[in-house]
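Chain by chain, the residues:
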Amino acid sequence: MCGLIKEQFRLNNFTFRHDEPYRFVTPEWKKIPQIVFLMWRVCWVIWHVVWLVLSIDDEGNEKWLIYLTNISYLMLVVQSVVYAIVVIVHTSKGTLHPKNFETKTPWYLQLNWFLTTLSFDTAVVVTILYWTLVYTGRLGPLSMVTHAINSVYVISDIIIYAIPVRIFHVVYVALYALLYAIFSVIYYVCKGTNTKSLPYIYKALDWSNTLPTLGLVAAVIFVAIPLIHLFQFALYTLRTYVHGRCEAERSVAPVSIKENPDPAHTEIEVTTETEMAVQ
């Protein structure tokens, strides 16, 4: 585990290249059949697309994209679709074995990695910000999906898939948050209003209260996002640790002792799993 952490602090870990590209189209766990993993991906695509359509239809105006919730959920939809497509393509072609991949990570798998990393952090950020700053006591099905189930999806998904997590990738999530903050400033300066005709997107992001809003943005970018990304890395580390232990236990052959009438010649025999099955 220490080796895994030490490997994170290399400059090439800012990139999305990896020596084992097959990990991006297969589950972490060998006991999960590839077809089950594929269906997992497809089911989530259907779920996300349905709720995206309902969200657009519910709000149904040109201001839909000003909200961080909607932008982040749209990105979650794109991530789930891209991931499903690459899994379907490689499963149908039967190119799932490490030998079928070049050592260079294809661009579409790098894109999938970027979207997956970004979607995890932004989903959790949106969930935390909503329940701490926006929630007013009313909660409909759509809000539950976009502010709670979104985090359930990314957390359950990281336990199943084999995509790695790199600490340095947090810079892209921070950049995403910074760009949204800059957009909110420009929107405020241009006299933009939210769907209730109020002069801000979110009350907590009201730039007429410059210092408190600036403090919130700084706290999100420099504190909340790094902590959430470390949480993502911790889940990845735990997943690989448990997987490694399971594989180690599976590779250890059970030992059986054959009794001999002569105690001085008691035999110890290693029995493989195949032999045990035959017996």
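This text gives an overview of the structure that appears in the document.

Reading the values: rules and limits
Residues numbered from 1 in each chain as written. Predicted model: local features only at pLDDT ≥ 70, side-chain atom pairs only at ≥ 80, totals over all residues. Heavy atoms only, no water. Phe/Tyr/Trp six-rings, centres within 6.5 Å; stacked < 30°, edge-to-face > 60°. Helix = DSSP H or I, 4+ residues; strand = E, 2+ residues; numbered from the N terminus. Buried < 20%, exposed > 50% of the residue type's maximum accessible area, 1.4 Å probe, protein only. Lys NZ or Arg CZ within 6 Å of the ring centre and 35° of its normal. 1 Å grid on protein atoms, 1.4 Å probe; cavity = no way out; pocket = protein on both sides within 12 Å on 5 of 7 lines; lining within 4 Å. Points joined across faces, edges and corners; volume = space filled by probe spheres on them. Nonpolar A, V, L, I, M, F, W, Y, C, P; charged D, E, K, R; others polar. Axes fitted to C-alpha atoms, helices over the stretch in contact; angles between N-to-C directions. Parallel < 35°, antiparallel > 145°, perpendicular 65-115°, else oblique. Left-handed = near helix turned anticlockwise from the far one by under 90°. Contact = heavy atoms within 4.5 Å. Salt bridge = Lys/Arg side-chain N within 4 Å of Asp/Glu carboxyl O. Core = buried A, V, L, I, M, F, W, Y, C linked by side-chain atoms within 4.5 Å.

Observations regarding the packing of aromatic side chains
For step 1, the next point in the chain: One pass over the full model with this rule turns up 22 aromatic pairs.
For step 2, the next point in the chain: Ring geometry for Trp40 and Trp44: centres 5.9 Å apart, planes at 75°, overall edge-to-face. In this pair, Trp40 and Trp44 both sit in helix H2 (residues 34–59), 4 residues apart, roughly one turn of the helix.
For step 3, the next point in the chain: A relative accessible area of 14% places Trp44 in the buried class.
For step 4, the next point in the chain: On the basis of an interplanar angle of 80° and a centroid distance of 6.2 Å, the ring pair of Trp44 and Trp47 is categorised as edge-to-face. In this pair, Trp44 and Trp47 are both assigned in helix H2, 3 residues apart and thus about one turn of the helix distant.
For step 5, the next point in the chain: Among the aromatic residues, those joined into a cluster by ring pairs are Phe16, Phe24, Trp113, Phe114 and Tyr172.
For step 6, the next point in the chain: Its end group placed over the ring of Tyr83, Arg41 keeps NZ or CZ at 3.8 Å from the ring centre.

Overview of the layout of surface pockets
For step 1, the next point in the chain: Here the largest pocket defines a volume of roughly 1,300 Å³.
For step 2, the next point in the chain: Contributing to the lining of the largest pocket are 44 residues, with Tyr67, Thr69, Tyr130, Val134 and Tyr202 lying nearest its centre.
For step 3, the next point in the chain: Residue assignment for the lining of the largest pocket shows that the elements contributing at least two residues are H2, helix H3 (68–93), helix H4 (107–134), helix H5 (141–160), helix H6 (170–189) and helix H7 (210–251).
For step 4, the next point in the chain: Along the lines of polarity and charge, the residues of the lining of the largest pocket split into 27 nonpolar, 12 polar and 5 charged.
For step 5, the next point in the chain: In this model, the second largest pocket occupies a volume close to 470 Å³.
For step 6, the next point in the chain: Taken together, 19 residues line the second largest pocket, and the ones lying closest to its centre are Glu7, Asn13, His18, Asp19 and Arg166.
For step 7, the next point in the chain: Class assignment of the residues belonging to the lining of the second largest pocket gives a composition of 6 nonpolar, 6 polar and 7 charged.

Details of the packing of H4 against H6
For step 1, the next point in the chain: Put simply, H4 and H6 touch, their axes get as near as 9 Å, and they point 60° apart. With respect to H6, the element H4 is oriented oblique. The handedness of the crossing between H4 and H6 comes out as right-handed. Taken together, the residues of H6 that come into contact with H4 (itself represented by Phe114, Leu118, Asp121 and Thr122) are Tyr172, Val173 and Tyr176.
For step 2, the next point in the chain: For the contact of H4 with H6, the residue count by class is 5 nonpolar, 1 polar and 1 charged.

Remarks on the pattern of salt bridges
For step 1, the next point in the chain: Counting across every chain of the model gives 4 salt bridges.
For step 2, the next point in the chain: With a shortest N-O distance of 3.5 Å, Arg23 and Glu28 are connected by a salt bridge.
For step 3, the next point in the chain: Residue Arg41 pairs with Asp157 through a salt bridge whose shortest N-O separation is 2.6 Å. Of the two residues, Arg41 is situated in helix H2 and Asp157 in helix H5; the sequence distance between them amounts to 116 residues. Note on accessibility: Arg41 and Asp157 belong to one class, buried.
For step 4, the next point in the chain: Here the salt bridges do not stand alone but share partners, grouping Glu20, Arg23, Glu28 and Arg239 into one network.

Focus: the nonpolar core
For step 1, the next point in the chain: If you look at the biggest cluster of nonpolar residues, it comprises 59 residues, and the most contacted ones within it are Tyr73, Tyr83, Val154, Ile201, Tyr202 and Ile225.
For step 2, the next point in the chain: Among the secondary structure elements, those contributing two or more residues to this core are H2, H3, H4, H5, H6 and H7.
For step 3, the next point in the chain: In contact with Tyr83, not counting residues within four places along its chain, are Phe24, Phe37, Arg41, Asn112, Thr116, Asp157, Tyr161 and Ile163.

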